[in-house]
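Remarks on the overall topology
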Amino acid sequence: MTTIETLGEALPREMARVRDEVMPAYIELRGTPGVNVEPTLYLMRNDLDAAAKAMAEGDVVAMLRAYEALKGYHV
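Since we're looking at a predicted model, the values are computed, not measured.

**What about the overall build of the protein?**
Within the protein, the regular secondary structure consists of 3 helices and 0 strands. Counted from the first residue to the last, the protein has its helices and strands arranged as α-α-α. With the C-alpha coordinates of the protein rotated into their principal frame, the extents come out at 45 × 30 × 15 Å. Expressed as a percentage of the 75 residues in the protein, the buried residues total 28%. Of all intrachain contacts in the protein linking residues separated by at least 6 positions in sequence, the fraction that spans at least 24 positions is 60%. Of the roughly 5,100 Å² of accessible surface on the protein, a fraction of 58% belongs to carbon and sulfur atoms.

**With respect to the pattern of salt bridges**
Summed over the entire model, instances satisfying the criterion amount to 6 salt bridges. Two residues, R30 and E38, come together in a salt bridge whose shortest N-O distance is 2.7 Å. R30 gets classed as partly exposed once you look at its relative accessible area, which sits at 40%.

**Considerations on the nonpolar core**
Grouped together as the largest cluster of nonpolar side chains are 18 residues, with contacts concentrated most on L11, V18, M44 and L70. The residues touching M44, leaving out its near neighbours within four places in the chain, are V18, V22, M23, Y26 and Y73.

**Side note on helix α2 (residues 38-57)**
Compared with the 28 Å implied by 1.5 Å per residue over 20 residues, the 28 Å span of α2 between its first and last C-alpha is a close match. Turning to α2, the residues buried within the fold contact α1 (7-28) and α3 (60-71). With its phi angle positive at about 70 degrees, G58 sits one or two positions after the end of α2.

**Remarks on the side chain of D47**
Inspection of the secondary structure assignment puts D47 in helix α2. The side chain of D47 is buried and forms no salt bridge, while R17, the nearest opposite charge, is found at 9.8 Å. Engagement of the side chain of D47 in a polar contact is seen with the side chain of Y73, the distance being 2.6 Å.

Calculation notes
Residue numbers run consecutively from 1 along every chain, following the written order of its sequence. Totals for whole chains, interfaces and linings use all residues, but because this is a predicted model, local features are given only for residues with pLDDT of at least 70 and pairs of side-chain atoms are given and counted only at 80 or more. In computing side-chain values, all of the structure's heavy atoms are included and hydrogens and water are not. Here a strand is any run of E in DSSP of at least two residues, a helix any run of H or I of at least four, and the numbering for each starts at the N terminus. Residue exposure (1.4 Å probe, protein chains only): buried if accessible area is under 20% of the type maximum, exposed if over 50%, otherwise partly exposed. Any pair of residues with heavy atoms lying within 4.5 Å of one another is described as a contacting pair. Method for areas: the Shrake-Rupley scheme with a 1.4 Å probe, in which residue coverage is limited to the protein chains shown. Each reported salt bridge corresponds to a side-chain nitrogen of Lys or Arg within 4 Å of a carboxyl oxygen of Asp or Glu. As used here, the term nonpolar core means buried Ala, Val, Leu, Ile, Met, Phe, Trp, Tyr and Cys residues forming a set that is joined through side-chain atoms within 4.5 Å. Helix span, as expected, comes to 1.5 Å for every residue beyond the first. Only four residue types enter the charge count: Lys and Arg as positive, Asp and Glu as negative, with His and the chain ends excluded. N or O atoms within 3.5 Å of each other form a polar contact, as long as, within protein, one can give a hydrogen and the other can take it, and as long as residues adjacent in sequence are counted only when both atoms are side-chain atoms.

Given below as structure tokens:
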């Protein structure tokens, strides 16, 4: 049987993935010659903040936007 995941379950999981897996990988690249990760880290932080705000306000449309933005970050 297939389990259906709600946005309220998926968004915090995606936030944790970006915060705990993706961001640390980018942070490790700091100082690598020719690599500038700061703009991407800035965007990740903004998207994480937007996701937290959307969840706190119960704004489903903003939650969906944040979820889609966070899914775009990869190691």
